[in-house]
Amino acid sequence: MTVEEFSVAGAHAGPYALVTGPDNALWFTLVHSGQVGRFVPGEPVTVHPAGNGPTIITNGPDGALWFTEFKAHRIGRVTTTGEVTAFAPPTPESGPFGICAGPDGALWFTMSAADRIGRITTDGEITEFPLPSAGAFPSAITAGSDGALWFTMNMANAIGRIGTDGEITTCPLPTEGAAPVGITAGADGALWFVEIGAGQIGRITTDGTIKEFPLPDRAARPHAITVDGDGTPWFTEWGANRVARIAEDGQVTGYDLPTPGSEPHGIAVGPDGAIWTALETGSLARVTR
């Protein structure tokens, strides 16, 4: 296993989340400096202004990158040529966090501070769907194999599902205080998620069956999760300065990052097929095995 780190920003800019864009570059958010960046190894890093607190970034169906502005309470859009626009949801102070492309040609996002799920079309029209309970703090969101959107409810200790018709169901987690954050669609048709509060990885089938896998280090604070080209889930261990992968049987293999206290957050498969993670201390790390 090899880990390479590439400096992309100052120590206080805060690389947070990343995704492979339609131009085969890595696009990432800088949560503290209010920018989105573009990175290709061997080329200069380019950055663009992105409001206050850009967090999660994803590919849109229109060939642009879409991202949440958690502190500015907006949804941002940046083209591969660097043109940035932003849209404000009807509910103020809503704290958008997670975002993903849905099966209906729109983007779906969580409104963490407003207990809502939002839907935005590529021309900026926004619809909001209230959650059935208050104080849930919906966090990450992903498209499932069943044509619905699945999301974590960090403070409600549950996984939620919303159909494209707006119908919402919730699945409580077995472990109290699990505090789920990241979620991704698995190659097996299930959803895989991390429990930052319990130090576990979870798997939920589209019929709501949940299985939890305790990590060897329960204090690792898993944060984000993705799936590689072989269908293996990989996740960041923010509290342990590691990235790790989990096998179908629950066996976990962890890899220490070379820079102490690098604060790994977002994780994604790069254009080269390697695993990349955003280090809040100013770098992107490439993990190969």
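Structure shown above.
Reading the values: rules and limits
- In every chain, residue numbers begin from 1 and rise along the written sequence.
- Per-residue local features are limited, in this predicted model, to residues with pLDDT of at least 70; the limit for side-chain atom pairs, both in listing and counting, is 80 or more; totals at the level of whole chains, interfaces and linings are taken over all residues.
- The side-chain values count all of the structure's non-hydrogen atoms but skip hydrogen atoms and water molecules.
- For this analysis, a ring pair means two rings from Phe, Tyr or Trp (six-membered ring only for Trp) whose centres lie within 6.5 Å, classed as stacked if their planes differ by under 30 degrees, edge-to-face if by over 60, and tilted for the remaining angles.
- DSSP-based pairing: two strands are paired if at least 2 bridges between them are found.
- Helix and strand assignments follow DSSP, with helices taken as H or I runs no shorter than four residues and strands as E runs no shorter than two, numbered in order from the N terminus.
- The set of buried Ala, Val, Leu, Ile, Met, Phe, Trp, Tyr and Cys residues whose side-chain atoms join them within 4.5 Å is what this entry labels a nonpolar core.
- Think of it in three bands: with a 1.4 Å probe and only protein chains considered, a residue is buried below 20% of the maximum accessible area for its type, exposed above 50%, and partly exposed in between.
- What makes two residues a contact is simply this: any of their non-hydrogen atoms within 4.5 Å.
- Whenever two N or O atoms come within 3.5 Å, that pair is a polar contact, provided that in protein one can donate a hydrogen and the other can accept it, and provided that, for residues adjacent in sequence, both atoms are side-chain atoms.
- Helix axes use the C-alpha atoms of the stretch in contact, all axes being lines fitted to C-alpha atoms, and the angles between their N-to-C directions lie in the range 0 to 180 degrees.
- Salt bridge, as used here: a side-chain nitrogen of Lys or Arg that lies within 4 Å of a carboxyl oxygen of Asp or Glu.

(A) Structural context of the packing of aromatic side chains. Scanning the model with the defined rule gives nine aromatic pairs in all. Cluster of aromatic residues (ring-pair linked, three or more members): Phe-6, Phe-39 and Trp-276.

(B) Representation of the pairing of strand β21 (residues 210-214). In the sheet, strand β20 (residues 200-204) pairs with β21 via five bridges, with the strands oriented antiparallel. Within β21, the residue paired with Ile-201 across the bridge is Phe-213. Hairpin remark: β20 followed by β21, antiparallel, with five residues in the connecting loop; positive phi at Gly-208, about 95°.

(C) Summary view of the nonpolar core. Counting residues in each nonpolar core, the largest one holds 15 residues, and the members touching the most others are Ile-201, Phe-235 and Ile-246. Mapped by element, the contributors of at least two residues to this core are β19 (191-195) and β24 (242-246). Once you skip the residues sitting within four places of it in the chain, Ile-201 turns out to touch Trp-192, Phe-193, Val-194, Lys-211, Glu-212, Phe-213, Leu-215, Pro-222, Ile-225, Phe-235 and Ile-246. Counting residues in hydrophobic clusters, the runner-up holds 14 residues, among them Cys-100, Ala-106, Ile-141 and Met-153.

(D) View of the environment of Asp-207. Relative to the assigned elements, Asp-207 resides in the loop between β20 and β21. The class for Asp-207 is exposed, based on a relative accessible area of 62%. Considering only alpha carbons, one finds Asp-207 and Cys-171, 36 residues apart in sequence, at a separation of 9.8 Å. A distance of 2.2 Å separates a polar atom in the side chain of Asp-207 from a polar atom in the side chain of Thr-205. Within the local environment of Asp-207, its side chain forms a polar contact with the side chain of Thr-209, the two groups lying 3.1 Å apart.

(E) Geometry of the sheet that holds strand β27 (residues 275-279). The strand order across the open sheet built from four strands is β1-β28-β27-β26, with neighbouring strands paired in antiparallel fashion. The open sheet has two edge strands, β1 (2-7) and β26 (264-269), and neither has a second partner. Across this sheet, the average inter-strand angle for adjacent strands is 25°, counted without regard to direction. Bridge analysis of β1 against strand β28 (residues 283-288) gives six bridges, and the strand direction is antiparallel. Bridge assignment links Glu-5 to a residue of β28, and that residue is Ala-285.

(F) Examining the pattern of salt bridges more closely. Counted according to the given criterion, the structure contains twelve salt bridges. The partner of Arg-119 in a salt bridge is Asp-104, with the nearest N and O atoms 2.8 Å apart. Taken together, the positions of Arg-119 in strand β12 (residues 116-120) and Asp-104 in the loop between β10 (96-101) and β11 (107-111) put the pair 15 residues apart, joining distant regions of the chain. Overall, Asp-104 belongs to the partly exposed group, its relative accessible area being 29%. Arg-242 is the salt-bridge partner of Glu-237, the closest N and O atoms lying 2.5 Å from each other. The class for Glu-237 is buried, based on a relative accessible area of 2%. The class of Arg-242 is buried, set by a relative accessible area of 18%. It is possible to trace a salt-bridge network through shared partners that takes in Glu-4, Asp-272 and Arg-286.

Taken by themselves, the reported measurements are silent on function.
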